[in-house]
Amino acid sequence: MKGKEPQTVHRKIAILGYRAVGKSSLTHSFVTGSFSEAYDPTIESTQHKTIRFRKVHFATDIVDTAGMDEYSRLSRNASLGVHGYALVFSIVSRKSFETIKQVNDSLLNTLGDAPDVPRVLVGSMEDLSDQRQVSKQDAQTMAESLGVPYIECSAKTGENVAEVFHTLLKEIEKDDGLLAETGEGGCHIM
Ligand SMILES: Nc1nc2c(ncn2[C@@H]2O[C@H](COP(=O)(O)OP(=O)(O)OP(=O)(O)O)[C@@H](O)[C@H]2O)c(=O)[nH]1
């Protein structure tokens, strides 16, 4: 029966957030499993990875965008055909957290007010939690006000990195049931 064949779907994801919050590190950690302490500001780059998640093959394009501030606008590539967004701040930078609201507003304005666009709020650099400037409670409250899930992760240790992308895929597929009721929770990186 053809139904046994895993289905392959293409999904485009964009990573947004203030400068140096670890957007590239998150992307690299997910795509290659590696981490670098070096900081090399990104202009924009797209990475690809196929994962199997609940019997579906997701061929993902991940757009790693340039750091945004209050005045930044989304590039064409980061706004066209994108299925879901990770809004990233660093838990050790209050400024990056405060920029999330503007990043989200800029996104919704660019998309012409699409409040239901799939998003996930990401608190990065969780390995540095002893230097935390953003409490989990504040982040959770922000996530609730945006109506999105919140996840803390560390590109350095790999903690919750895959979880960020799985959660976003679940948000993307929430309405069409692609990931529903397969009874298989696991995810395989390919
Ligand atoms: N300890 C720790 N450092 C991190 C983590 N993620 C990123 N970094 C460091 O933070 C710095 C910035 O990381 P990038 O991934 O380049 O940040 P970015 O958001 O892509 O930066 P821009 O492209 O300039 O916006 C680098 O020195 C990374 O090594 C993390 O999870 N833990």
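In case you missed it, the structure is sitting above this.
Worth saying up front: this structure is predicted, and the values here are computed from it rather than measured.

Draft legend 1. Structural detail: the overall build of the chain. Of the regular secondary structure elements, the chain holds four helices and seven strands. When the elements of the chain are put in sequence order from the N terminus, they spell out β-α-β-β-β-α-β-α-β-α-β. Its C-alpha atoms give the chain a radius of gyration of 16 Å, within 12% of the compact-globule value 16 Å for 190 residues. In terms of overall dimensions, the chain has a C-alpha envelope of 55 × 35 × 30 Å along the principal axes. Going through the 190 residues of the chain one by one, you find that 46% of them count as buried. Of the contacts formed within the chain by residues at least 6 apart in sequence, a portion of 74% connects residues at least 24 apart. Of the roughly 9,700 Å² of accessible surface on the chain, 48% is carried by carbon and sulfur atoms. For the chain, the distance from the average position of its 21 positive side-chain charges to the average position of its 26 negative side-chain charges is 4 Å.

Draft legend 2. Summary view of the pairing of strand S3 (residues 56–65). With nine of 10 residues buried, S3 lies mostly within the body of the structure. Here 10 bridges tie strand S2 (residues 44–53) to S3, and the two strands are oriented antiparallel to one another. Note that in S3 the partner of Gln47 across the bridge is Ile62. The loop that links S2 with its antiparallel partner S3 comprises two residues; one of these, Arg54, has a positive phi angle of about 45°.

Draft legend 3. Quick peek at the site of the ligand. Taken together, 21 residues surround the ligand, and among them Lys23, Ser25, Ser36, Tyr39 and Asp127 come closest. Residue Lys23 places a side-chain N or O atom 2.6 Å away from an oxygen atom belonging to the ligand. Ala155 places a main-chain nitrogen or oxygen 2.9 Å from an oxygen atom of the ligand. Considering the ligand on its own, with 650 Å² of exposed area, one finds that the protein chains cover 92% of that surface.

Draft legend 4. Quick look at the nonpolar core. Ile13, Ile15, Leu26, Phe58 and Phe165 are the most contacted members of the largest nonpolar core, which has 27 residues in total. Among the secondary structure elements, those contributing two or more residues to this core are strand S1 (7–17), helix H1 (23–32), S2, S3, strand S4 (84–90), strand S5 (119–124) and helix H4 (161–173). Looking at which element gives the most residues to this core, the answer is H4, with six residues. For Leu26, the residues in contact, after removing those within four places along its chain, are Ile15, Val88, Cys153, Ala155, Val161, Val164 and Phe165. Membership of the second largest hydrophobic core comes to 26 residues, among which are Ala78, Val103, Leu107 and Leu121.

Draft legend 5. Quick peek at the pattern of salt bridges. Applying the stated criterion across every chain, the model contains nine salt bridges. With its nearest N and O atoms 3.6 Å apart, the salt bridge here joins Asp69 to Arg19. Within this pair, whereas Asp69 is found in the loop between S3 and S4, its partner Arg19 is found in the loop between S1 and H1, the two being separated by 50 residues in sequence. What makes Arg19 partly exposed here is its relative accessible area of 42%. Between Arg94 and Glu98 there is a salt bridge, with its nearest N and O atoms 3.5 Å apart. One end of the pair is Arg94 and the other is Glu98, both in helix H2 (residues 94–110) and four residues apart, which spans about a single turn. On the basis of relative accessible area, Glu98 is assigned to the partly exposed category, the value being 47%.

Draft legend 6. Spatial organisation of helix H3 (residues 136–146). Residues Ala139, Met142, Ala143 and Leu146 constitute the buried set of H3. The arc that holds the buried residues of H3, viewed along the axis, is 100°, so those residues lie on one side. Along H3, the residues that are exposed and aim more than 90 degrees away from the buried face are Gln137, Glu144 and Ser145. For H3, the elements touching its buried residues are S4, H2, S5 and strand S6 (150–152).

What counts, and where the lines are drawn
Residues numbered from 1 in each chain as written. Predicted model: local features only at pLDDT ≥ 70, side-chain atom pairs only at ≥ 80, totals over all residues. Heavy atoms only, no water. Helix = DSSP H or I, 4+ residues; strand = E, 2+ residues; numbered from the N terminus. Rg over C-alpha atoms; globule rule 2.2 N^0.38 Å. Buried < 20%, exposed > 50% of the residue type's maximum accessible area, 1.4 Å probe, protein only. Contact = heavy atoms within 4.5 Å. Areas by Shrake-Rupley, 256 points an atom, 1.4 Å probe, with all protein chains shown as cover. Lys, Arg positive; Asp, Glu negative; His and termini not counted. Charge placed at Lys NZ, Arg CZ, Asp CG, Glu CD. Pairing = 2+ DSSP bridges. Near = heavy atom within 4 Å. Polar contact = N/O pair within 3.5 Å; in protein donor to acceptor, adjacent residues only side chain to side chain. Core = buried A, V, L, I, M, F, W, Y, C linked by side-chain atoms within 4.5 Å. Salt bridge = Lys/Arg side-chain N within 4 Å of Asp/Glu carboxyl O. Arc of directions from axis to C-beta.

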